[in-house]
Amino acid sequence: EGDPLHEKDLARAMASEAKAIFIMTNKFSTNPDEEDAKTILQQFTIQKYLRLRSNTTNTSAATATKKDEATNSLFCLQLIRPENKRHLVTSNESSDSMSHVVICLNEIKMGVIAKATVYPGANTLIMNLLSSFSDEDADDEESQAMKNINGHGIETLDDDEHSDWVGEYRRGCDWEIYMTELSKEFEGKNFCVLSELLYQNYDIVLFALEVEDLKNEKSERRMLLNPAEFVIPSKNDYKIQAFVLAKNKAQSDLTFSKDSPSGT
């Protein structure tokens, strides 16, 4: 409950203490430009509120840190039309050190469609990896596929030489993207060798890493997509998060704890 355009609601939500602020849009709006304008206005209002709050606080050492945190708040905005990003760029030239992450829904849609034209089936692959399917959903999909096939004069799946796609599609729906910490046992391992090891022994596909330098407070997290020659560093110096394709959360656990299937 509340309105980000009202200062009392921002104070009640403790916006000045937030490290990140997410502003979501109504993607089903019949007027995307108006919806984007509303989102941008909310962002401007919150930015102005944070600056006023930081300027009115005392300049003591304790409050100086809070001031830095307020002015360094990360804004994550969701827009519908990519053309409306220009309004943010123009007005954010003097926005201090505030960071912005802007996601445009139409831009993502068009990007996925473009990939599908170059790589047929890419859109289906991406959507299935980002979606969760229960066993009941998979059974329903297989039943529907069977009906469609039977409707074209094929009595059973065994009668069609191209029918393997039904089982292959269903097996593909079992896989999802998970993020997990890496076990200390993997320190010093080459990424390429580690990927092959995990696939052959645990049926897990490792495809990316998120690396954070623990000794440098100002360092940003790095996303490494398939870094073939990268060597896994020590967990004492770096925090390593792995992105994997697995059938469930338990299988994706690479901490090798006692509770995980990999650690038993």
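The structure displayed is predicted, hence computed values, not measured ones.

**Some details on a nonpolar patch on the surface**
Move 1: Taken together, the side chains of Val101, Ile103 and Ile108 define a hydrophobic patch exposed on the protein surface, amounting to about 240 Å² of accessible area.
Move 2: With a relative accessible area of 41%, Ile103 lands in the partly exposed category.

**Remarks on the sheet that holds strand 7 (residues 238–246)**
Move 1: Strand order across the open sheet formed by four strands is 4-7-5-6, with antiparallel pairing between neighbours. One side of each edge strand has no neighbouring strand; the edge strands of this open sheet are strand 4 (176–181) and strand 6 (222–225). The average undirected angle you get between the axes of adjacent strands in this sheet is 20 degrees.
Move 2: With six bridges connecting them, strand 4 and strand 7 associate as antiparallel partners. Bridged to Ile177 within strand 7 is Leu245.

**Comments concerning the confidence of the model for the protein**
It should be kept in mind that the predicted coordinates are not to be read in detail where pLDDT is low.
Move 1: The predicted model of the protein has a mean per-residue pLDDT of 79, with 75% of residues at 70 or higher.
Move 2: Here residues 90–97 is modelled with pLDDT under 50, and outside its nearest four sequence neighbours on either side it reaches 12 contacts, counting other chains as well.

**With respect to the layout of surface pockets**
Move 1: Size it by volume and the second largest pocket reaches roughly 280 Å³.
Move 2: Lining the second largest pocket are Glu210, Glu212, Asp213, Asn216, Glu217, Ser219, Glu220, Arg221, Arg222 and Met223.
Move 3: For the lining of the second largest pocket, the secondary-structure elements that each account for two or more residues are strand 5 (205–213) and strand 6.
Move 4: The dominant element in the lining of the second largest pocket, judged by the number of residues it contributes, is strand 5, at three residues.
Move 5: Split into classes, the residues belonging to the lining of the second largest pocket amount to one nonpolar, two polar and seven charged.

**Some words on the pattern of salt bridges**
Move 1: Scanning the model with the defined rule gives nine salt bridges in all.
Move 2: With a closest N to O distance of 3.8 Å, Lys235 and Glu181 form a salt bridge. Residue Lys235 is found in the loop between strand 6 and strand 7, and its partner Glu181 is found in strand 4; the two are separated by 54 residues along the sequence.
Move 3: Residue classification places Glu181 among the partly exposed residues on the basis of a relative accessible area of 37%.
Move 4: Taken together, the shared-partner salt bridges in this structure form one network comprising Asp33, Arg81 and Glu83.

**Observations concerning unusual backbone geometry**
Move 1: Positive phi, close to 60 degrees, is recorded for Asp203, a residue that is not glycine.
Move 2: As for its placement among the helices and strands, Asp203 is situated in the loop between helix 9 (191–202) and strand 5.
Move 3: The backbone of Asn226 sits at a positive phi, close to 50 degrees, despite the residue not being glycine.
Move 4: Relative to the elements of secondary structure, Asn226 occurs in the loop between strand 6 and strand 7.
Move 5: Taking relative accessible area as the criterion, Asn226 reaches 51% and is therefore assigned exposed.

**Comments concerning the packing of aromatic side chains**
Move 1: This structure, assessed with the given rule, holds one aromatic pair.
Move 2: With 6.5 Å between their ring centres and 55 degrees between their planes, Phe207 and Phe243 make a pair best called tilted. Taken together, the residues span a long stretch of sequence, with Phe207 in strand 5 and Phe243 in strand 7 at a distance of 36 residues.
Move 3: Residue Phe243 is classed as buried on the basis of its relative accessible area of 16%.

**Things to note about the nonpolar core**
Move 1: With 19 residues, the main nonpolar core has Leu182, Leu206, Leu209 and Leu254 as its most contacted residues.
Move 2: For this core, the leading source of residues is strand 7, giving four residues.
Move 3: Apart from the residues lying within four places of it in its own chain, the contact partners of Leu206 are Phe191, Leu194, Ser195, Leu198, Ala242, Phe243 and Val244.
Move 4: Ranked by size, the runner-up nonpolar core spans 13 residues in total, among them Ala15, Ile40, Leu88 and Cys104.

**A few points about the environment of Arg53**
Move 1: Residue placement: Arg53 occurs in helix 2 (residues 32–56).
Move 2: Overall, the relative accessible area of 38% leaves Arg53 in the partly exposed class.

Each value, and the rule that gives it
Residues numbered from 1 in each chain as written. Predicted model: local features only at pLDDT ≥ 70, side-chain atom pairs only at ≥ 80, totals over all residues. Heavy atoms only, no water. Patch = residues over 30% accessible without salt bridge, like charges linked within 9 Å, V, L, I, M, F, W, Y side chains within 5 Å. Areas by Shrake-Rupley, 256 points an atom, 1.4 Å probe, with all protein chains shown as cover. Salt bridge = Lys/Arg side-chain N within 4 Å of Asp/Glu carboxyl O. Buried < 20%, exposed > 50% of the residue type's maximum accessible area, 1.4 Å probe, protein only. Pairing = 2+ DSSP bridges. Helix = DSSP H or I, 4+ residues; strand = E, 2+ residues; numbered from the N terminus. Axes fitted to C-alpha atoms, helices over the stretch in contact; angles between N-to-C directions. pLDDT = per-residue confidence, 0-100. Contact = heavy atoms within 4.5 Å. 1 Å grid on protein atoms, 1.4 Å probe; cavity = no way out; pocket = protein on both sides within 12 Å on 5 of 7 lines; lining within 4 Å. Points joined across faces, edges and corners; volume = space filled by probe spheres on them. Nonpolar A, V, L, I, M, F, W, Y, C, P; charged D, E, K, R; others polar. Phe/Tyr/Trp six-rings, centres within 6.5 Å; stacked < 30°, edge-to-face > 60°. Core = buried A, V, L, I, M, F, W, Y, C linked by side-chain atoms within 4.5 Å.

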